[in-house]
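# Coordinates in review
The residues making up each chain are set out below.
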Amino acid sequence: MTSGIATNVRLTGITKSFLGVPVLRGVDLELRGGEVHAVMGENGAGKSTLLKVLAGVHRPDGGTIEVDGAEVSFAGPADAQRAGIAIIHQEFTLLPHRSVAENVYLGREPVRGMQVDRRRMVADTRELLDWLGEDGIDPTDAVSSLSVAQRQVVEIVKALSTDARVLGMDEPTAALADHEVELLYDLVRRLRERGIAILYVSHRMREVFDLSDRITVLKDGRFVTCAPTGELTSEDLVRHMVGRDLGEYYPDRAAPDDLGPVRLAVRGAGNDRVRDLNIEVRAGEIVGLAGLQGSGRSAVARAVFGVEPFTRGVVEVDGVAQRVTRPRTAVRLGIALVTEDRKGDGLALRQSVRDNTLLVRRAALSGARSRAKSDVKALLDMVTVVARGEHQEVRFLSGGNQQKVVLAKWLAVEPKVLVVDEPTRGIDVGAKRAVHELLRDLAKRGVAVLMISSELPELIGMSDRILVMHDGAPAGELPAGASEGAVMALATGHGVGDAA
Amino acid sequence: MSALEENTVPVTRKVTRPAFHRRLTPVAIVYIALAALLVVGSVLVGLRGEVLLDQAGILNIFTRATALGLVAIGQTMAILTGSLDLSVAYLVGLTSLIAAETMGGRDGMIVPGVLLALVVAAGVGLVNGLVITVLKANAFIATLGVALILRGYLEDTYTGPAGDVPRGFQHLGYDRIGPVPVAALLMLAVAALSWWYLSRTRPGYHMYAVGGDIEVARLSVVPTRRTIVTAHVLCSVAAGLTGIYLASRLGSGAPYVGTDAGYDLESIAAVVLGGTLLAGGRGGVVGTIGGVFILATLDTIFDDLEVDPFFKDVVRGVVLVTAVALYARRMTANRARGRLT
């Protein structure tokens, strides 16, 4: 069983190359029991490789790993597991049709005689759940009946069941909704109290500041700095990660005379999930749509794009009332939607960069417009995709580059109205900045942009106006540069009051 | 962000249980459908002044269910593991010949005949499994290829029935207790053993894991290759048992006894009808047996009603499509619920 004994793991001077390309060039990292240690860095900085070295998946070329003062060497993940180290991968590793206990002990089922000792498996799982204070999950429940946050708990229990005292978490909030992130925080804090050493890899600045005790920054495989969280500001962190001062985070907002006529207007519209919507987005304008998960933000995007159309009210594009009942109509009218789920809805992962870029153009436009000699290269340059070539499969690209391909796909049909839902989720700081600049650039060229984001700093930094949703209806509108508090007050239904 | 907390939901919140009719598992649906079919069939047959479930009717259903049941039990394991086996029909024919020819009418050769047939079957399963795991061929193509090899051998070597099963061994095919054939009881015993294997042993757990998500299984250090090979060996052994049983009923081996009955696609149909996901990872032998009995009962009813054989196939097709559509609906409903919680 997992006990309260604290474990210390120290990595010193770790180096690792793949095919002669150095990925880690001398990284130091110290994990202490009862401490959350965040590792930050851009994509390609070596975070994942470091995590895999710790988990015994990769063998380092140089450097030492010490567990409780004794030097160790891991021949494989099983060795790391025996040393009490477990990793929670970014993707869930659970079987939805099997029970919680069956998942926790998958591959390590206790046996009694010839049979799996199901009673012991359930009892041990329950003990671990109780230890974490998660007694609402029953070990015999099917994983498919659990919420995403509960699944994460199961994932953690699975790791703990190997007697892990060091837990590596790779972007643990990537799959979670806003309110579930808070639950994860709570869980991480409980693990810390119980003496577990936690290595926390995340892109999200706020999470790292909320949770971690110490932060290590990597850049290009090099150790940059390690400092107690309290001694760093987010500006420091960005400077360390990017290696330069990003200064102002976001591109300049639109000046009043940049704004053109109203391109998208939604008047008194609603459907089963949203109601009483009145939105106007002008050419050259970025309108932010804020709200908690489930407030109807994404439902607005889906309705405008005709996935789940409005059943009431009027939608006007360039002043002409339109009935948008399916995505095909929307695309023909010049409306584009960058969905929240890049891998699920945005890309054909096994197709090439080129095919993905031309996907919408080929599918939705007819005749000359679809055949028009398309300069895929120009499009890709415009969104600054870094790929091995137009024919590389999209699944091999980093998250940031994938998102740029999604944007290129829509630029290929020259939209008038661009709706973006979580455009920078799970991509690194550099790519984020590129996406921000691209969106502002498009606005300048006369596109009306409606932007949804859970990251309030981003939403506030980018938007010329912010519309806040609460419980399926608009709760109010705020001007550019409104405070996070003002947005949250509206989003949680507390009215404008003091906040504005 | 304290404002957020009011909107948080405890991780531990219990998911509300769906209404009763939504909680019905595919297995329950299969057996309810079977019961309904027996009632409807009895009425229809009764309208002609006959009885569906008389001695002959029960015997007919069980006899039909025995051979298909054995093949389908094996197929269940292959499909649960995320694979499938299209070579079973030819293997049934091959093993019937091996058993009958080895016995050659001599009582003393019964045991060697049975064993040899099973060993050959296991060997074919091993080949299937290795082609899929080591050569990384898609299961559909791999087993289709093995099926073609077996067909080539059968066509080249045999023109018709061959071998001779001693009278003593024919008891296996014809003995019965009341209206229930002994062989049917043996088939049910095999089903029970398979149920135990799948739901109570580690290799069984691993079949569900590999079929559910092979990547997840691999990351959880499940021996994925061994699991797939095992599933194929067991699947082929089940087909071998079918061949032995059919040899006992026919009195000889017959090259096309498996393909004439269409056991390849029929067994897959029974498995899917029984609620096992064709993609693997969910389902089991209990449902499969229900599916087998539904198909056997349908055939018996059609025989009693003297239905046109083409119409028979139409009805079977409709039943299959309806069943799969029904399960698919339930799956999407479940998923939608999962997303909302």
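As the structure is a computational prediction, the values presented were derived from the model and not from experiment.

The helix and strand tally for chain B stands at 16 helices and 2 strands. Put simply, chain B has 341 residues, and 46% of those count as buried. The contacts of chain B with a sequence gap of at least 6 include a subset with a gap of at least 24, amounting to 79%.

For chain A, the count of helices and strands is 18 helices and 22 strands. Over its C-alpha trace chain A gives a radius of gyration of 24 Å, about what one expects of a compact globule, namely 23 Å for 500 residues. Principal axes of the C-alpha set define a box for chain A whose edges measure 70 × 50 × 50 Å. Counting across all 500 residues of chain A, residues that qualify as buried make up 50%. Within chain A, counting contacts between residues at least 6 apart in sequence, those at least 24 apart form 67% of the total.

We now examine the environment of Lys432(A). Residue and element names in this part refer to chain A. Within the element layout of this structure, Lys 432 appears in helix H16 (residues 429-444). Residue Lys 432 is classed as buried on the basis of its 21 C-beta neighbours within 10 Å. The spatial distance from the C-alpha of Lys 432 to the C-alpha of Glu 458 is 9.6 Å, given a sequence separation of 26 residues. Beyond its immediate sequence surroundings of up to four residues, Lys 432 is in contact with Thr 424 and Ile 427.

On to the domain arrangement of chain A. All names here are of chain A. When the domains of chain A are assigned, the result is domain 1 (8-242) and domain 2 (256-491). Computed from C-alpha atoms alone, the centre-to-centre distance between domain 1 and domain 2 is 34 Å. For the side of domain 1 that touches domain 2, the secondary structure elements donating two or more residues are helix H6 (178-193) and helix H8 (234-242). The class makeup of the residues in the side of domain 1 that touches domain 2 is 5 nonpolar, 3 polar and 3 charged.

Further remarks concern helix H1 (residues 47-54) of chain A. In terms of burial, H1(A) is largely enclosed, as 8 of its 8 residues are buried. Two residues or fewer after H1(A) comes Gly56(A), characterised by a positive phi angle close to 80°.

With that settled, consider the pairing of strand S22 (residues 473-479) of chain A. Pairing between strand S21 (residues 465-470) of chain A and S22(A): 6 bridges, direction antiparallel. Looking at S22(A), one finds that His470(A) is bridged to Ala473(A).

In any sheet, the strands associate via hydrogen bonds between backbone groups, in a parallel or an antiparallel arrangement. All names here are of chain A. Taken together, the 6 strands give an open sheet; going across it, the order is S18-S19-S20-S15-S21-S22, and neighbouring strands pair in mixed fashion. Two strands bound the open sheet, and with one partner strand each, they are strand S18 (335-338) and S22. Neighbour-to-neighbour, the strand axes of this sheet turn through a mean angle of 20°, independent of strand direction. H16 rests against strand S15 (286-290), strand S19 (417-421) and strand S20 (448-452) of the sheet, and its axis sits at about 150° to S20.

For a regular strand, the rule is simple: side chains alternate between the two faces of the sheet. Residues and elements named next belong to chain A. Burial analysis of S20 places 5 of its 5 residues in the buried class, the great majority of the element. Neither face of S20 is open: one carries Ala 448, Leu 450 and Ile 452, the other Val 449 and Met 451, and all of them are buried. Here 5 bridges tie S19 to S20, and the two strands are oriented parallel to one another. What sits directly across from Val 419, in S20, is Leu 450. Running through H16, the crossover from S19 to the neighbouring parallel element S20 is right-handed.

Moving on: the sheet that holds strand S13 (residues 262-270) of chain A. Residues and elements named next belong to chain A. Taking strand neighbours across the sheet as the criterion, the 4 strands line up as S14-S13-S16-S17 in an open arrangement whose pairing is antiparallel. Unpaired on one side and paired on the other, strand S14 (277-282) and strand S17 (320-322) mark the two borders of the sheet. Recorded for the sheet is a direction-independent mean angle of 20° between the axes of neighbouring strands. With 3 bridges connecting them, strand S16 (residues 312-317) and S17 associate as antiparallel partners. Paired with Glu 316 across the two strands is Ala 321, which belongs to S17.

Looking now at helix H4 (residues 55-80) of chain B. Residues and elements named next belong to chain B. Helix length check: H4, at 26 residues, gives a terminal C-alpha distance of 35 Å against a target of 38 Å (1.5 Å per residue), a fit within 8%. Considering bend angle alone, the principal kink of H4 is centred on Thr 66 and spans about 30°. For H4, the tally of buried residues reaches 21 of 26 residues, placing the bulk of the element in the interior. Positive backbone phi, at 90°, marks Gly 82, one or two positions downstream of H4.

Once that is clear, we can look at unusual backbone geometry. Residues and elements named next belong to chain A. Unusually for a residue other than glycine, Asp 163 sits at a positive phi of about 65°. Note on placement: Asp 163 falls in the loop between helix H5 (148-160) and strand S9 (166-170). For Asp 163, a count of 14 C-beta atoms within 10 Å gives the class partly exposed. The phi angle at Asp 318 is positive, at roughly 50°, despite the residue not being glycine. Its location among the elements puts Asp 318 in the loop between S16 and S17. Owing to 16 C-beta atoms within 10 Å, Asp 318 belongs among the partly exposed residues under this scheme.

Here the focus is the packing of H5(A) against H6(A). Packed helices, taken two at a time, are described by their axes: the angle between them and the distance between them. All names here are of chain A. It is the contact of H5 with H6, at a shortest axis distance of 9 Å, that shows an interaxial angle of 25°. Considering the angle they form, H5 stands roughly parallel to H6. For the pair H5 and H6, the crossing hand works out as right-handed. Facing Val 148, Ala 149, Gln 152, Val 153 and Ile 156 of H5, the residues of H6 in contact are Glu 180, Leu 183, Leu 184 and Leu 187. Of the residues contributing to the contact of H5 with H6, the split by class is 7 nonpolar, 1 polar and 1 charged.

Now for the nonpolar core. In this structure, Ile198(A), Leu68(B) and Val71(B) are the most contacted members of the largest nonpolar core, which totals 159 residues. Looking at this core element by element, the count peaks at 14 residues for helix H12 (residues 224-250) of chain B. What Leu68(B) contacts, discounting residues up to four positions off in sequence, is Tyr263(B), Glu266(B), Ser267(B), Ala270(B), Val292(B), Leu295(B) and Ala296(B). Grouped together as the second largest cluster of nonpolar side chains are 84 residues, Leu337(A), Leu439(A), Ile452(A) and Leu456(A) included.

In this model, chain A carries a mean pLDDT of 85, and residues with pLDDT of at least 70 account for 93%. The model gives residues 496-500 of chain A a pLDDT under 50, and that stretch makes 8 contacts with residues more than four places away or in other chains.

Let us now look at the packing of helix H6 (residues 110-133) of chain B against H12(B). Residue and element names in this part refer to chain B. At a minimum axis distance of 7 Å, the contact between H6 and H12 shows a crossing angle of 145°. The handedness of the crossing between H6 and H12 comes out as right-handed. Partitioning the contact of H6 with H12 into residue classes produces 16 nonpolar, 8 polar and 1 charged.

Cut-offs used in this document
- Residues numbered from 1 in each chain as written.
- Chains lettered and ligands numbered in written order.
- Predicted model: local features only at pLDDT ≥ 70, side-chain atom pairs only at ≥ 80, totals over all residues.
- Helix = DSSP H or I, 4+ residues; strand = E, 2+ residues; numbered from the N terminus.
- Buried ≥ 20, exposed ≤ 12 C-beta atoms within 10 Å, placed from the backbone.
- Contact = placed C-beta atoms within 7 Å.
- Rg over C-alpha atoms; globule rule 2.2 N^0.38 Å.
- Domains from an automatic or database assignment.
- Nonpolar A, V, L, I, M, F, W, Y, C, P; charged D, E, K, R; others polar.
- Pairing = 2+ DSSP bridges.
- Axes fitted to C-alpha atoms, helices over the stretch in contact; angles between N-to-C directions.
- Right-handed = clockwise from strand over helix to strand, strands pointing away.
- Expected span 1.5 Å × (residues − 1).
- Bend = angle between axes of the 7 residues up to and from the residue.
- Parallel < 35°, antiparallel > 145°, perpendicular 65-115°, else oblique.
- Left-handed = near helix turned anticlockwise from the far one by under 90°.
- Core = buried A, V, L, I, M, F, W, Y, C linked by C-beta atoms within 7 Å.
- pLDDT = per-residue confidence, 0-100.

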